[in-house]
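# Per-entry structural report
Chain by chain, the residues:
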Amino acid sequence: MEGKMTISVRELVSYVYRTGHIDERFQTNTALLEGTAIHQEVQKKYKEGDQSEVFLEYEFNKEGLLLKVQGRCDGLLISEEGPVIDEIKSTGRELDEIDETTHPVYWAQAKGYAFMYAEKEDLDQIQVQLTYVQKRTKDKKRMRRTFTYKELKGFMEETVEKYNSYAQILLHIREQKEKTVPDLKFPFQGYREGQRKLAGSVYRTVEEKRNLFAQAPTGIGKTISTLFPAVKALQLEDMDRVFYLTAKTITRTTAEESLLKMKEKGLMLRSVTLTAKDKICFQEETICQPDFCAFADGYYDRINGAIVDILLNETQMTRPVIEYYARKHRICPFEFSLDLTDVVDIIIGDYNYIFDPRVSLKRLLPDRKKKTAILVDESHNLVERARDMYSAAIHKQAYMTVAEDWQEEDDALAKISEAIGKDLMRFYSSTEEYVQWEQVPGELEENVERFLTQAEALLQEEVEGERKERLIDVYFQSQRFLKILEYVDDHYRLIGESKSQGDFSFKLFCLDPSHVLRETTKGFRSGIFFSATLSPFAYYKEMLGGREVIIFCNCLLLTMLLRSMS
Ligand code: SF4
């Protein structure tokens, strides 16, 4: 099949060269953020004349496939031996464990940039450097290799060739979508009262890149009235994907049934339903390490075969379908479903994949968000869920237990844990159960940061047992606390709670989540918030992040409001 595609260097080499296991030994949640900060720190120290974030692209023409490969290299450095492409990687591993064979995908990515630059500048050879930064110590290790233009060209042509069969599948899927979406008709005999109006408003909202807040009574058929126009909108320019978000499994099933109805009318789209990790996990205990789980062992060696198999044979990747193919290819069903989100048109899942700052899909990069519409079902639930997602608490007793657990082996960790416990007790009140604080004491934040650094070093070591589990729990609570602290402003209340047996907790409580919801929604092309109970309407509109009123319509059946994306 002939066709055109654009892909980033990173996506291309990750697909072709990924191998190995899922290995979720202890690792930090903040890796992505840390990675960004570490990149910037290295780039700040580049010499005069060196450049950061240099955009490069090249078009390969292989057997009818026109593949535009593009990306930004971290650094383009000047050296006496000629230009150097620098690729920066942060790592939790010790630097002396890493050599030139450790990460073939990283080398492949850097070689991709090097080829494009050598091609553009007509160079015979070029140097490629990987700069590793140890996340904890910030120590650096640099490895540099020289490649001829011929070597790099051969390497990239081989890479594109290996990608070609997969690209053909993606082109086939795209063709099916482009052929069937324009012809799709509403999959029922006729519209119920109010349905046409709701469907029309959803389509227009996505077309105009705005947000919509709609209240419609139970029984009107809200799922089909929102999903159908969103699917139709997939034929618009710069509209690639729909995220259908729900709070409950039952509404996820309704969305799947609506897609099935459209499929019966000829629609050929790929959809995936995301199920929480602990629910879909095949093991009794969720320990995602190759020694414990056969579905983690060699996951990346088998994932490409599984994706090709499911894409060729299925359109609706519901939980049972994912489980079937995951068992067939011996891969983790949860990771598999996440990997599928990169290639499908519709994703059905819980609110948290978009709105929770801890678990939101990091793979949803800004470019893709701008081409994605989110449909938020029963969105009145999102207000309470968002309060929860953007709140965090720490507990005095948990730190004191860590201090006791580790006082003999890690004096520094024990002392800092004790200090946090004492920080918290300064606000303890024997007379009042709840105390509102005006601000977070400066030393508490610093101490929690120091606790994380100290705990992280310890958790990288081979320690086992219940006290390790306790430390991991407090580590993640502390990490979440610091993460949420970044959001704290006058939408928050800081609440101390005195508990039984002298325990004390400190909570960052998100009273009004409107600003965080607004910020999250802003990154997407459109947000459709709908429910039977958005009443009082002004309150929910405000809480869900709505602002500027463009159209307001109030009738017996529907209450709708659109606002601009600004
Ligand atoms: S099957 Fe369960 S334990 Fe294994 S990798 Fe997946 S989530 Fe982890």
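Residues numbered from 1 in each chain as written. Predicted model: local features only at pLDDT ≥ 70, side-chain atom pairs only at ≥ 80, totals over all residues. Heavy atoms only, no water.

## Some details on the site of the ligand
Around the ligand sit Lys277, Cys281, Phe282, Gln283, Thr286, Ile287, Cys288, Cys293, Ala296 and Cys332, and that is every residue in its neighbourhood. Of the residues assigned to the shell around the ligand, the class counts are seven nonpolar, two polar and one charged. (Near = heavy atom within 4 Å. Nonpolar A, V, L, I, M, F, W, Y, C, P; charged D, E, K, R; others polar.)

## Some points on the packing of helix α4 (residues 149–180) against helix α9 (residues 299–313)
Interaxial distance between α4 and α9 falls to 11 Å at its minimum, and their mutual angle equals 25°. Judged by the inter-axis angle, α4 sits roughly parallel to α9. The two elements α4 and α9 meet at a crossing, and its hand is left-handed. Only Ile307, Val308, Leu311 and Leu312 of α9 make contact with α4, whose side of the interface consists of Tyr166, Ile169, Leu170 and Ile173. Tallied by class, the residues present in the contact of α4 with α9 amount to eight nonpolar, no polar and no charged. (Axes fitted to C-alpha atoms, helices over the stretch in contact; angles between N-to-C directions. Helix = DSSP H or I, 4+ residues; strand = E, 2+ residues; numbered from the N terminus. Parallel < 35°, antiparallel > 145°, perpendicular 65-115°, else oblique. Left-handed = near helix turned anticlockwise from the far one by under 90°. Contact = heavy atoms within 4.5 Å.)

## A short note on the sheet that holds strand β15 (residues 492–498)
Strand order in the open sheet made by the four strands is β13-β16-β15-β14, with antiparallel pairing throughout. In this open sheet, the two edge strands, each paired with only one partner strand, are β13 (392–395) and β14 (434–437). With direction set aside, neighbouring strand axes in the sheet form an average angle of 20°. Bridge analysis of β15 against strand β16 (residues 504–510) gives seven bridges, and the strand direction is antiparallel. The residue bridging Gly496 from the neighbouring strand is Phe506, located in β16. (Pairing = 2+ DSSP bridges.)

## Some thoughts on the side chain of Lys111
Relative to the helices and strands, Lys111 is located in helix α3 (residues 104–121). One buried charged residue, Lys111, remains without a salt bridge, the closest side chain of opposite sign being Glu151 at 7.9 Å. Contact partners of Lys111, with chain neighbours within four places excluded, come to Val128, Phe147, Leu152 and Phe155. (Buried < 20%, exposed > 50% of the residue type's maximum accessible area, 1.4 Å probe, protein only. Lys, Arg positive; Asp, Glu negative; His and termini not counted. Salt bridge = Lys/Arg side-chain N within 4 Å of Asp/Glu carboxyl O.)

## Examining the environment of Lys483
With respect to the helices and strands, the residue Lys483 is situated in helix α18 (residues 466–485). Relative accessible area serves as the criterion here: at 16%, Lys483 is assigned to the buried category. Taking the C-alpha atoms as reference points, Lys483 and His39, separated by 444 residues in sequence, lie 20 Å from one another.

## Focus: α3
The terminal C-alpha atoms of α3, which comprises 18 residues, lie 25 Å apart, in line with the 26 Å expected from a rise of 1.5 Å per residue. By the burial criterion, the buried members of α3 are Trp107, Ala108, Gln109, Ala110, Lys111, Gly112, Tyr113, Ala114, Phe115, Met116, Tyr117 and Ala118. Taken from the residues just after α3, Asp122 is the one with a positive phi, measuring 60°. (Expected span 1.5 Å × (residues − 1).)

## What about the nonpolar core?
Ranked by internal contacts, the top residues of the largest apolar core, which has 130 residues, are Tyr163, Leu311, Phe336, Phe355, Phe451 and Phe506. Residue contacts for Leu311: discarding those within four places in its chain leaves Tyr166, Ile169, Leu170, Ile173, Arg270, Met317 and Val343. Of all hydrophobic cores here, the second largest spans 32 residues; its members include Leu198, Val202, Ile224 and Ile528. (Core = buried A, V, L, I, M, F, W, Y, C linked by side-chain atoms within 4.5 Å.)

## Thoughts on unusual backbone geometry
With a phi angle near 60°, Asp122 is a residue other than glycine that sits in the positive phi range. With respect to the helices, strands and loops of the structure, Asp122 is situated in the loop between α3 and β5 (125–134). Accessibility expressed as a relative area gives 68% for Asp122, which makes it exposed.

## Concerning a negative patch on the surface
Taken together, the side chains of Glu284, Glu285, Glu464, Glu469 and Asp473 define an acidic patch exposed on the protein surface. The residue Glu464 is located in the loop between α17 (442–460) and α18 in this model. (Patch = residues over 30% accessible without salt bridge, like charges linked within 9 Å, V, L, I, M, F, W, Y side chains within 5 Å. Areas by Shrake-Rupley, 256 points an atom, 1.4 Å probe, with all protein chains shown as cover. Charge placed at Lys NZ, Arg CZ, Asp CG, Glu CD.)

## As for the pattern of salt bridges
Proximity of charged atoms lets side chains of opposite charge pair with each other. Enumeration according to the criterion identifies 21 salt bridges in this entry. Linking Glu323 and Arg319 is a salt bridge whose minimum nitrogen-to-oxygen distance equals 3.0 Å. Taken together, the positions of Glu323 and Arg319, both in helix α10 (residues 319–329) and four residues apart, correspond to about one turn of that helix. Residue classification places Glu323 among the partly exposed positions, given a relative accessible area of 22%. Judged by its relative accessible area of 31%, Arg319 falls in the partly exposed class. A network of salt bridges, in which partner residues are shared, links Arg252, Asp350 and Arg385.

## Quick look at the packing of aromatic side chains
Applying the stated rule across the entire model yields 21 aromatic pairs. Between Tyr15 and Tyr163, the aromatic rings sit 5.5 Å apart at their centres with planes inclined by 85°, giving edge-to-face as the arrangement. Residue Tyr15 is found in helix α1 (residues 9–17), and its partner Tyr163 is found in helix α4; the two are separated by 148 residues along the sequence. The buried category is assigned to Tyr163, whose relative accessible area is 4%. Geometry around Phe155 places Lys111 over its ring, the cationic atom sitting 4.0 Å from the centre. We note Arg467 situated over the ring of Trp406; from NZ or CZ to the ring centre the distance is 3.9 Å. (Phe/Tyr/Trp six-rings, centres within 6.5 Å; stacked < 30°, edge-to-face > 60°. Lys NZ or Arg CZ within 6 Å of the ring centre and 35° of its normal.)

## Let's talk about α10
Burial in α10 covers these residues: Val321, Ile322, Tyr325, Ala326 and His329. Considered in projection along α10, the buried side chains sweep an arc of 130° and stay on one side of the axis. Turned more than 90 degrees away from the buried face of α10 sit Pro320, Tyr324 and Arg327, all of them exposed. Where α10 is buried, its residues meet β9 (271–273), α8 (277–280), α9, β10 (316–317) and α11 (333–340). Count one or two residues on from α10 and you reach Arg330, which has phi positive near 50°. (Arc of directions from axis to C-beta.)

## Considerations on the confidence of the model for the protein
Residues of the protein with pLDDT of at least 70 account for 92%, and the chain-wide mean is 88. The weakest mean pLDDT in the protein belongs to strand β18 (residues 551–554) at 44; the strongest belongs to α10 at 98. A low-confidence stretch, residues 548–556 (pLDDT under 50), is modelled with 24 contacts involving residues beyond four sequence positions or located in other chains. (pLDDT = per-residue confidence, 0-100.)

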